[in-house]
Amino acid sequence: MQKPQDMYRMTIIILILAAVAGCSPRDKSGGSDSAPGAFSISGTSLTEIKGYTHEDYSGITWLGDNRYAVVTDKKDGFFEFRFDITNDGSVANLERGVFRGDDKRSRDCEGIVFHPGRGTVFISGEQDQEILEYAPDGTKTGSRLDIPPVFQKGTGNYGFEALAYSQATGLF
């Protein structure tokens, strides 16, 4: 069972990922939801606010403290972000670090999880249908998860999207 503070942190992370990607909820007519208090970025992402270019971020994982690894579907690896979540749930001190990995190649990275026991991240690739392990510096360790044959058949834009890991069970 997750603790309330873990659920709160996960909710904030999801909202931050949506904001970094420049997303906002839509009503049924296709327009932005403009209800008071609704989550809306109105086309301005946190990356634009800080002067960063849009990188098509698609997954995020908490690394500890105020550090997060974020994948993009345009490169093979991850960015390390640092930011604080204040008591009222807002983001403060957002900083994007350097890209760690191969910025010349794309696996269409979609999901990322941190494995605290190994100190590494695992990244799912939608294009190659593989889940590979990366060291903290972004190099591939050579390890990969065994994918059941039924899940190896996804192609194009029908492959892996999200990735999760349970420290309690040790299962992905």
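Residues numbered from 1 in each chain as written. Predicted model: local features only at pLDDT ≥ 70, side-chain atom pairs only at ≥ 80, totals over all residues. Heavy atoms only, no water.

### Some details on the overall build of the protein chain
The line we're drawing: Secondary structure follows DSSP: runs of H or I at least 4 residues long count as helices, runs of E at least 2 residues long count as strands, and numbering of each begins at the N terminus. Surface accessibility follows the Shrake-Rupley procedure with a 1.4 Å probe radius. Residue values consider only the protein chains on display as shielding.
Assigned secondary structure in the protein chain consists of two helices and eight strands. Of the accessible surface of the protein chain, which amounts to about 10100 Å², a share of 53% is contributed by carbon and sulfur atoms.

### A few points about the confidence of the model for the protein chain
The condition is simple: Here pLDDT means the predictor's own confidence in every residue, given as a number from 0 to 100.
Scored by pLDDT, the protein chain has a mean of 76; 67% of the residues are at 70 or more. Strand S8 (residues 140–144) holds the highest mean pLDDT among the elements of the protein chain, 97, whereas helix H2 (residues 46–49) holds the lowest, 46.

### Digging into the sheet that holds strand S6 (residues 120–125)
The test is simple: Strand pairing is defined by DSSP finding a minimum of two bridges between the two strands. Simply put, an axis is a line fit to the C-alpha atoms, just over the touching stretch for a helix, and the angle between two N-to-C directions goes from 0 to 180 degrees.
Here we have four strands laid out as an open sheet, ordered S5-S6-S7-S8, and antiparallel in their pairing. Two strands close off the open sheet at either side, each with one partner strand: strand S5 (109–115) and S8. Taking each pair of neighbouring strands and ignoring which way they run, the sheet shows an average axis angle of 30°. Pairing between strand S7 (residues 130–134) and S8: two bridges, direction antiparallel. Paired with Leu 132 across the two strands is Arg 144, which belongs to S8.

### Things to note about the side chain of Thr 72
Applicable threshold: Residue burial is assigned from relative accessible area. The probe radius is 1.4 Å, only protein chains are included, and a residue is buried under 20% of its type maximum, exposed over 50%, and partly exposed in between. Here a polar contact is taken to be a pair of N or O atoms separated by no more than 3.5 Å, where protein atoms must pair a possible hydrogen donor with a possible acceptor and residues adjacent in sequence count only if both atoms sit in side chains.
Relative to the helices and strands, Thr 72 is located in strand S2 (residues 67–72). Residue Thr 72 is classed as buried on the basis of its relative accessible area, which comes to 0%. In this structure the side chain of Thr 72 is engaged in a polar contact, spanning 3.4 Å, whose partner is the backbone oxygen of Asp 56. Polar side-chain contacts of Thr 72 include one of 3.1 Å to the backbone nitrogen of Lys 74.

### Quick word on the environment of Tyr 57
Following the sequence through the fold, Tyr 57 ends up in strand S1 (residues 57–64). Linking Tyr 57 and Cys 109, residues 52 residues apart in sequence, is a C-alpha distance of 9.0 Å. In this structure the side chain of Tyr 57 is engaged in a polar contact, spanning 2.9 Å, whose partner is the side chain of Arg 96.

### Details of the environment of Glu 130
Let me state the cut-off plainly: Any two residues whose heavy atoms approach within 4.5 Å at even a single point are treated as in contact.
In this structure, Glu 130 sits in strand S7. A residue is classified by how much of its surface remains accessible, and Glu 130, at 26% relative accessible area, is partly exposed. Each C-alpha atom of the pair Glu 130 and Gly 159 lies 9.3 Å from the other, and the pair is 29 residues apart in sequence. Ignoring sequence-local partners within four residues, the contact set of Glu 130 consists of Arg 107, Ile 123, Ser 124, Gly 125, Arg 144 and Phe 160.

### Let's talk about the side chain of Asp 76
Note on placement: Asp 76 falls in strand S3 (residues 76–85). Every residue in contact with Asp 76, bar those within four places of it in the chain, is listed here: Phe 99, Gly 101, Asp 102, Arg 105, Ser 106, Arg 107, Cys 109, Tyr 134 and Lys 140.

### As for the sheet that holds S2
If you trace the four strands from one edge of the open sheet to the other, you get S1-S2-S3-S4, paired in antiparallel fashion. Unpaired on one side and paired on the other, S1 and strand S4 (91–102) mark the two borders of the sheet. Pairwise comparison of adjacent strand axes, ignoring direction, gives a mean angle of 25° for this sheet.

### Here we look at the pattern of salt bridges
To keep things clear, this is the line we draw: For this analysis, a salt bridge means a side-chain nitrogen from Lys or Arg found within 4 Å of a carboxyl oxygen belonging to Asp or Glu.
A complete count under the given rule lists twelve salt bridges for this structure. The salt bridge partner of Glu 80 is Arg 67, with a shortest N-O separation of 3.0 Å. Of this pair, Glu 80 sits in strand S3 while Arg 67 sits in strand S2, placing them 13 residues apart in sequence. Judged by its relative accessible area of 9%, Glu 80 is buried.

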